Amino acid sequence: MLLRYNYLTYLICMLSSFVLLGGCSLAPKYTQIDMNLPNSFATELEQPLSSHAENNRTWWRSFNSTVLPELQRMALANNHNFTAEGWVLAQAVSQARASRAALFPSLGASFGGERQGGETDKGYQVVDSISGTVQASYELDLFGANLNTARAGTQHALAGLNAWRSAGLTLESEVALTWFSLLAATENLNVYDSMLENAQAVLEYQEKREQLGAAQPLDVTRQRSAIQRMKAERIGYQIKLTEAKNALCQLLSVTSLPENLERAMAEEHLMDIIPPF
């Protein structure tokens, strides 16, 4: 009896200690931060998205370039990927129109003619007969299946329209970036050629000094080695220029740039066409 009483006392003490420990919290006291949030949010734009799209439709005209508009025109007219997106859009529009046919009644008509001839009491006679039928039907869309199919076709066409616009915007961006890369590669090559000409002039000066005994042969050899190294590095600049021109031709879907465009490109410089910030 005493053991059972001691056991109950021990159990009650343990449970009481658990309850007391559970009421103790070691977490810091949380203080609500005043974030100064507005009471309501605007549910409508000040201007519709269509107006923003219309204003940004020819964003590349903000650059002071006479060549870039022509490049954009050629790309939108000749690029195969953009043309394919246009045909996908046309297919989606046709499917959307076809899906709406079930919402309207259908009419059908057929006509036929027949001529028969044969011997009769009055001799050989020919009989002509003409027949025609007209049919009209309409399907009651009790559960909205036809209407939902038509709506799905319309949404699919709208998705195709957005995909076509996205493809056009992506193409315009790639043409502009490639054109800027081509200008940068051209100017880098021109600067490097100027450096190479200066190095060649220094070599001629060193050679004259060597002839007069004012320069060591080792100095002339070093300068010749530096020029050969610069000529080898010039190939890398030529490769970058060729890659940029090939990328631009690929976007325009042409094998080579027109001559008039080449002449206009030679007159533009990267720093002249960048608008001020």
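Keep in mind that what you see is a predicted model, and the values were worked out from it rather than measured.

Reading the values: the criteria
- Residues numbered from 1 in each chain as written.
- Predicted model: local features only at pLDDT ≥ 70, side-chain atom pairs only at ≥ 80, totals over all residues.
- Heavy atoms only, no water.
- Helix = DSSP H or I, 4+ residues; strand = E, 2+ residues; numbered from the N terminus.
- Buried < 20%, exposed > 50% of the residue type's maximum accessible area, 1.4 Å probe, protein only.
- Contact = heavy atoms within 4.5 Å.
- Core = buried A, V, L, I, M, F, W, Y, C linked by side-chain atoms within 4.5 Å.
- Axes fitted to C-alpha atoms, helices over the stretch in contact; angles between N-to-C directions.
- Parallel < 35°, antiparallel > 145°, perpendicular 65-115°, else oblique.
- Left-handed = near helix turned anticlockwise from the far one by under 90°.
- Nonpolar A, V, L, I, M, F, W, Y, C, P; charged D, E, K, R; others polar.

### Things to note about unusual backbone geometry
- With a phi close to 60°, S253 is a non-glycine residue in the positive phi region.
- With respect to the helices and strands, S253 occurs in the loop between α6 (217-252) and α7 (259-266).
- On the basis of relative accessibility, which here comes to 27%, the residue S253 falls in the partly exposed class.

### A word on the environment of L241
- Of note, L241 is situated in helix α6.
- In this structure L241 comes out as buried when scored by relative accessible area, which is 19%.
- Sequence separation between L241 and S181 is 60 residues, and the spatial gap between their C-alpha atoms is 8.4 Å.
- Not counting the four nearest positions on each side in its chain, L241 is found in contact with L182, A185, T186 and L189.

### Description of the nonpolar core
- Membership of the largest hydrophobic core comes to 28 residues, with the highest contact counts inside it found for L68, L71, V175, W179, F180 and L248.
- Residue assignment for this core shows that the elements contributing at least two residues are α3 (68-78), α5 (145-211), α6, α7 and α8 (270-273).
- Considering every element that reaches this core, the biggest residue donor is α5, with nine residues.
- Residues in contact with W179, not counting those within four places in the same chain, are S65, V67, L68, L71, L248, M265, E268 and I273.

### Overview of the packing of helix α4 (residues 80-99) against α5
- Direction vectors running N to C along α4 and α5 enclose 165°, while the axes themselves pass 8 Å from each other. Considering their axes alone, α4 and α5 lie roughly antiparallel with respect to each other. Between α4 and α5 the crossing geometry is left-handed.
- By residue class, the composition of the contact of α4 with α5 is twelve nonpolar, ten polar and one charged.

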